[in-house]
Amino acid sequence: MEYLFHPYILVGVLLATAIAIYNRLRTNPALPDLPWLNTREGEWFTRLRARFRSTLNYKQTVHQAYEQYSAKDQSCIIPDISGAEIVLPVSSIQWLINQPDSVLSSEESHKLLLQTEYTFVHPFVVGNPLHHETIRNELTRQLSAVTADIVDELSVALDEIWGINTAEWKEVCVFDTAMDMIARISNRVFVGLPLCRDAALLGHGKGFATAMAVSAAVLKQSPALLRPLLGPIVTIPNRTHTKGYARIVRPEIERRQRLLNDTSVDKEKRIGETEPNDFLQWTIRRARESGIPVENDADIIAERILAVNFAAIHTSTFSITNAIFDLLASDPSLTYVDQLRDEVSIVLTEDSGTWTKQGVAKLIKIDSALRESSRIGSFLGLGLGRIVVTPEGTTAPNGTFCPYGSKISVPTNGLHNDPLQYPDALIYQPLRFSTQRKSQSQGDGCGDQGAIAEDYVKQANLSFVSTSPTYHAFGHGRHACPGRFFAANELKLLLAHMLLKYEFEMLPSRPESKWLGPTLVPPMKATIKIRRRAR
Ligand code: HEM
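In what follows, the accompanying structure is described. (Residues numbered from 1 in each chain as written. Predicted model: local features only at pLDDT ≥ 70, side-chain atom pairs only at ≥ 80, totals over all residues. Heavy atoms only, no water.)

### Here we look at the coordination of the iron atom of the ligand
Within the protein, just one atom coordinates the iron atom of the ligand: Cys481 (SG), at a distance of 2.3 Å. One can find Cys481 in the loop between α22 (449–460) and α23 (484–501). (Donors = N, O, S within 2.8 Å, 3.2 Å for Na, K, Ca; no water. Helix = DSSP H or I, 4+ residues; strand = E, 2+ residues; numbered from the N terminus.)

Next comes the structure, spelled out in structure tokens:
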């Protein structure tokens, strides 16, 4: 018996008890009595061990949540090392998105996920998200106007990053090169020329996006009590990149503010030849109109643009990386690459060699390929995350009581890959949605106006940006990604140009995406071989 009192054993027991108590406490609020995935009957510390099992095998966990519970109108709990969340049935999606922000909060869910209190230098920027409005309004409405800029920037970026050598094959890392292109094209619209080509500025934009993802993940996994201590340490790179980005754009912000404030000369001269039509200018104007003095602070404006960089860069890079690997690993005899390339050539010829927003809308096969890759490989294991913020809690339509403070979501990856929702769901079919859109538009053409309009809506519902209860790569409902119209325009143009300008070596198999906890990350190191096509 004496060995039981050995200091090592005592320390071990104390530690295990402390962890068990801590985990018991952090499962605050008391969750409803639902099945906990990955627990085993009779096992010691089974909930604690379940957290590790889920974290290490998220794919299987999400699919179990979907197949055994969510698809059958039942709820369950997924525990992982950062907490435990209630996974609701997919039948409750309409209810979930209809709840007011005072009941289910998307903002609180983002704050928790991104640990914004620590990861941003001025958390005010996310607490008062003026840039969401700028994305919803100016950015989306100005898509026609900025299409020429996007095409110009992506052409230059492709030439520089993938090269123009038509004689030799070149090996490129898809993820890294795509991220370089996305950062540059996006910043062309965010801050304009010449800043969008400033290597240091792009380095800070990409660096911040990566630092955010890493520091938020570390903080989310650590005990809340330790976060005030850990926060300032793990977010050193965030601050370095925020300050670096601000240092580079500040002179331009102040120059534009001076021009807008200067009333001594006429409007044209105050702003230059013509007023810049980019996100920075819209932000400066919105800040002036907001009536909130601090909004005009150059550091706040710069951090807003950086927040938009964060929202845009990784998400869009993940999408295009998945689309490229899926296409190149498809069966060559199915000629998907050629079919997509032909579509691009036809649209470009029809539009006399110039890209317009209307021309981009005609790329329905490219659109379908992007939607298909996002269906199969969306980074969201669980989607539509919300935190219950109403003090009395709320009850989902299947009767699951979700207490105040609990996190709820639905198993997006399971749903997106369900053969009952998508025939042959596990088979990549880039033309899945364009074929459906085409068959819908091939009515007899004699329908009344109402039927034609209905047909149009049905077709649009299958586009890349269109969210639904069975497709939430961009979320769904009023908190669905406001940047998706810009992202889709940019990605369709980028993929179109890649196909038009380059030959690709097909791949024998698809490099695997990896689960990092609940996030599905595309291959970040895998390479492909490309060669510039001779004109
Ligand atoms: C393919 C690229 C993109 C994907 C897959 C994507 C995906 C998402 C998802 C899943 C959400 C969460 C929706 C929810 O909470 O239910 C979201 C939110 C958001 N996205 Fe995107 N996004 C992309 C590109 C962009 C771009 C380019 C921008 C900015 C220009 C942007 C800005 C935002 C913002 C501001 C939110 C928060 C919206 C809110 O809370 O109301 N995203 N995005």
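That shown, we press on.
### A closer look at the pairing of strand β12 (residues 527–532)
Along β12, the buried face is formed by Ile528, Ile530 and Arg532; none of Thr527, Lys529 and Arg531, which line the opposite face, is buried. In this structure, strand β4 (residues 170–173) lies alongside β12, joined through four bridges in antiparallel fashion. Each bridged residue has a counterpart across the sheet, and for Glu171 the counterpart in β12 is Lys529. (Buried < 20%, exposed > 50% of the residue type's maximum accessible area, 1.4 Å probe, protein only. Pairing = 2+ DSSP bridges.)

### Considerations on the packing of helix α10 (residues 174–190) against α23
Axis separation between α10 and α23 bottoms out at 11 Å; the angle between their running directions is 130°. One way to sum up the angle between α10 and α23 is to call them oblique. Both α10 and α23 take part in a crossing whose hand is right-handed. Judged by residue contacts, Met181, Ile182, Ile185, Ser186, Val189 and Phe190 of α10 engage Phe486, Glu490, Leu491, Leu494 and Met498 from α23. A per-class count over the contact of α10 with α23 returns nine nonpolar, one polar and one charged. (Axes fitted to C-alpha atoms, helices over the stretch in contact; angles between N-to-C directions. Parallel < 35°, antiparallel > 145°, perpendicular 65-115°, else oblique. Left-handed = near helix turned anticlockwise from the far one by under 90°. Contact = heavy atoms within 4.5 Å. Nonpolar A, V, L, I, M, F, W, Y, C, P; charged D, E, K, R; others polar.)

### Thoughts on the pairing of strand β8 (residues 407–410)
Burial along β8 is two-sided: the face carrying Lys407 and Ser409 and the face carrying Ile408 and Val410 are both buried. Of the strand pairs in this sheet, strand β2 (residues 83–87) and β8 are connected by two bridges, and their pairing is parallel. From the neighbouring strand, Val87 faces β8, where its bridge partner is Ser409.

### Quick notes on the sheet that holds strand β9 (residues 502–504)
The antiparallel open sheet is built from three strands, whose spatial order is β4-β12-β9. Each of the sheet's edge strands pairs with one partner strand only, and the pair in question is β4 and β9. The average undirected angle you get between the axes of adjacent strands in this sheet is 45°.

Keep in mind these values describe shape, not function.
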